[in-house]
Amino acid sequence: MSALDVRRLLDGKPVAVQRAGEETNQLRSLRRVWWDLKVSEALITAALTAAAAFAAAGLASWLALRGVRHQATTQRELAAADRVDRREAEARAVRRNAYTEFIAAAIRCAGLIRDAREAHIDDDEYRKRHSAVQGALSDLILAQAIVSVEGPKEVSIAAVHARQSLDRELEATHAHRSGSGPAQSVVDAGRARLQAVGFMSDAARRALSGETEPPVAAPCVAH
C-alpha cells in the first residue's frame, strides 16, 4: 500500500485494492506447505511412538512366554532325569540283593562242606552233612538263576564258576572221605573255590559301581 492510499484511507476515501503479487501467493503456498509438514510430522511421530510402544509390549510378552516355556521344558527334563535316576537306583538295589544273596549262599555252602569233611564224624553224621550241602547247593542254583537274569554277563559267568567250584569241592571231599581221592585234591578244590567266589565278589562290585575296565580273566574250574 502506497503513502497516497494511506492518506485516502485516513480521509475516509476509498482505496483501490490491488491483487496480491506472485511472490505473495508463493509465500502463502509455502506457509501452507510448512503447516502441512508440521502436522504430518506430528502424526508420524505419534504413529512411530505408538508402534514402538506396541513392539516393546509384544517383545516383553514374547520374552515372558519364552521364559515360561523354557522353565517348563527344564522342569520336564529334570523330572525325566529324576525318573531315570530312580529307575537306575532301583535296578542297582535289585542287583545288589541278588549278588548278596548268591555270595551269602556260596559262603554257606563252603561252611557246610568244611563241616562235612571233619575226620572225627561217623558215616551217619557225614551223610547228614553231605545231604545238607546238597540242599544248600540247590538253593545256590536258584540264587545263580536270579543273578543270570539281572546280569551283566561278567557277573553271570562269575556266578557259574563259583557254583561249579563248590560242586568240585564237595566231590573232592566225598572222594577223600570214601578213600578214592587224595587229601591234596580237597585243598586244591578249596583254593579254587576261594578264588572263584572272590572273582564273583569283584565282578559284582564292578557291576554295581559302573566300572568299565576290562575284568580279570575268570578262573577255570576243572570238571
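Just so we're clear, the structure is a prediction, and the values are computed from it rather than from any experiment.

Details of the overall build of the chain
Turning to step 1, where the next piece is worked out: The secondary structure content of the chain amounts to five helices and zero strands.
Turning to step 2, where the next piece is worked out: The buried share of the chain, taken over its 223 residues, is 24%.
Turning to step 3, where the next piece is worked out: In the chain, 68% of the contacts between residues at least 6 apart in sequence involve partners at least 24 apart.
Turning to step 4, where the next piece is worked out: Carbon and sulfur atoms form 60% of the exposed surface of the chain, whose accessible area is close to 15500 Å².

Observations regarding the packing of helix 4 (residues 153–178) against helix 5 (residues 183–209)
Turning to step 1, where the next piece is worked out: Running from N to C, helix 4 and helix 5 cross one another at 165 degrees; their axes reach a closest spacing of 8 Å. Classified by the angle their axes make, helix 4 and helix 5 are roughly antiparallel. By crossing handedness, the relation of helix 4 to helix 5 is classed as left-handed.
Turning to step 2, where the next piece is worked out: Of the residues in the contact of helix 4 with helix 5, the class split is 17 nonpolar, six polar and five charged.

Here we look at the nonpolar core
Turning to step 1, where the next piece is worked out: Counting 31 residues, the largest nonpolar core has Phe102, Leu140, Val147, Leu166 and Met200 as the members making the most contacts within it.
Turning to step 2, where the next piece is worked out: Contributing elements (two or more residues each) for this core: helix 2 (22–116), helix 3 (123–150), helix 4 and helix 5.
Turning to step 3, where the next piece is worked out: Looking at this core element by element, the count peaks at eleven residues for helix 2.
Turning to step 4, where the next piece is worked out: Excluding residues within four positions of it along the chain, Val147 makes contact with Ala98, Tyr99, Phe102, Val155, Ser156, Ala159 and Met200.

Topic: the confidence of the model for the chain
Low pLDDT means the predicted coordinates in that region are not meant to be read closely.
Turning to step 1, where the next piece is worked out: Across the chain, the average pLDDT comes to 82, with 78% of residues at or above 70.
Turning to step 2, where the next piece is worked out: Throughout residues 213–218 the model reports pLDDT below 50, and contacts reaching past four residues in sequence, or to other chains, amount to eight contacts.

As for helix 5
Turning to step 1, where the next piece is worked out: Counted at 1.5 Å a residue, the expected span for helix 5 with its 27 residues is 39 Å, and the 40 Å between its end C-alpha atoms agrees.
Turning to step 2, where the next piece is worked out: Of the residues trailing helix 5, Gly210 is marked for its positive phi of about 75 degrees.

Focus on the packing of helix 3 against helix 4
Turning to step 1, where the next piece is worked out: Running from N to C, helix 3 and helix 4 cross one another at 170 degrees; their axes reach a closest spacing of 10 Å. By the angle between their directions, the pair helix 3 and helix 4 is classed as roughly antiparallel. Residues Asp123, Tyr126, His130, Val133, Gln134, Leu137, Leu140, Ile141, Gln144, Val147 and Ser148 of helix 3 pack against Val155, Ser156, Ala159, Val160, Arg163, Leu166, Asp167, Leu170, Thr173, His174 and Arg177 of helix 4.
Turning to step 2, where the next piece is worked out: Of the residues contributing to the contact of helix 3 with helix 4, the split by class is eleven nonpolar, seven polar and four charged.

A look at helix 3
Turning to step 1, where the next piece is worked out: Along its 28 residues, helix 3 runs 40 Å from first to last C-alpha, staying within 8% of the 40 Å computed at 1.5 Å per residue.
Turning to step 2, where the next piece is worked out: Three or more residues of helix 3 are buried, namely Tyr126, His130, Val133, Ala136, Leu137, Leu140, Ala143, Gln144 and Val147.
Turning to step 3, where the next piece is worked out: Two residues or fewer past helix 3, Gly151 is found with a positive phi of approximately 65 degrees.

A closer look at the packing of aromatic side chains
Turning to step 1, where the next piece is worked out: Tallying each qualifying case throughout the model produces zero aromatic pairs.
Turning to step 2, where the next piece is worked out: One Lys or Arg, Arg206, reaches over the ring of Phe199 and ends 6.0 Å from the middle of that ring.

Regarding a nonpolar patch on the surface
Turning to step 1, where the next piece is worked out: There is a patch of nonpolar side chains on the surface, built from Trp35, Val39 and Leu43 and spanning about 330 Å² of accessible area.
Turning to step 2, where the next piece is worked out: Along the chain, the position of Val39 falls in helix 2.
Turning to step 3, where the next piece is worked out: We classify Val39 as partly exposed; its relative accessible area is 35%.

So, how was this worked out
- Residues numbered from 1 in each chain as written.
- Predicted model: local features only at pLDDT ≥ 70, side-chain atom pairs only at ≥ 80, totals over all residues.
- Heavy atoms only, no water.
- Helix = DSSP H or I, 4+ residues; strand = E, 2+ residues; numbered from the N terminus.
- Buried < 20%, exposed > 50% of the residue type's maximum accessible area, 1.4 Å probe, protein only.
- Contact = heavy atoms within 4.5 Å.
- Areas by Shrake-Rupley, 256 points an atom, 1.4 Å probe, with all protein chains shown as cover.
- Axes fitted to C-alpha atoms, helices over the stretch in contact; angles between N-to-C directions.
- Parallel < 35°, antiparallel > 145°, perpendicular 65-115°, else oblique.
- Left-handed = near helix turned anticlockwise from the far one by under 90°.
- Nonpolar A, V, L, I, M, F, W, Y, C, P; charged D, E, K, R; others polar.
- Core = buried A, V, L, I, M, F, W, Y, C linked by side-chain atoms within 4.5 Å.
- pLDDT = per-residue confidence, 0-100.
- Expected span 1.5 Å × (residues − 1).
- Phe/Tyr/Trp six-rings, centres within 6.5 Å; stacked < 30°, edge-to-face > 60°.
- Lys NZ or Arg CZ within 6 Å of the ring centre and 35° of its normal.
- Patch = residues over 30% accessible without salt bridge, like charges linked within 9 Å, V, L, I, M, F, W, Y side chains within 5 Å.
- Salt bridge = Lys/Arg side-chain N within 4 Å of Asp/Glu carboxyl O.

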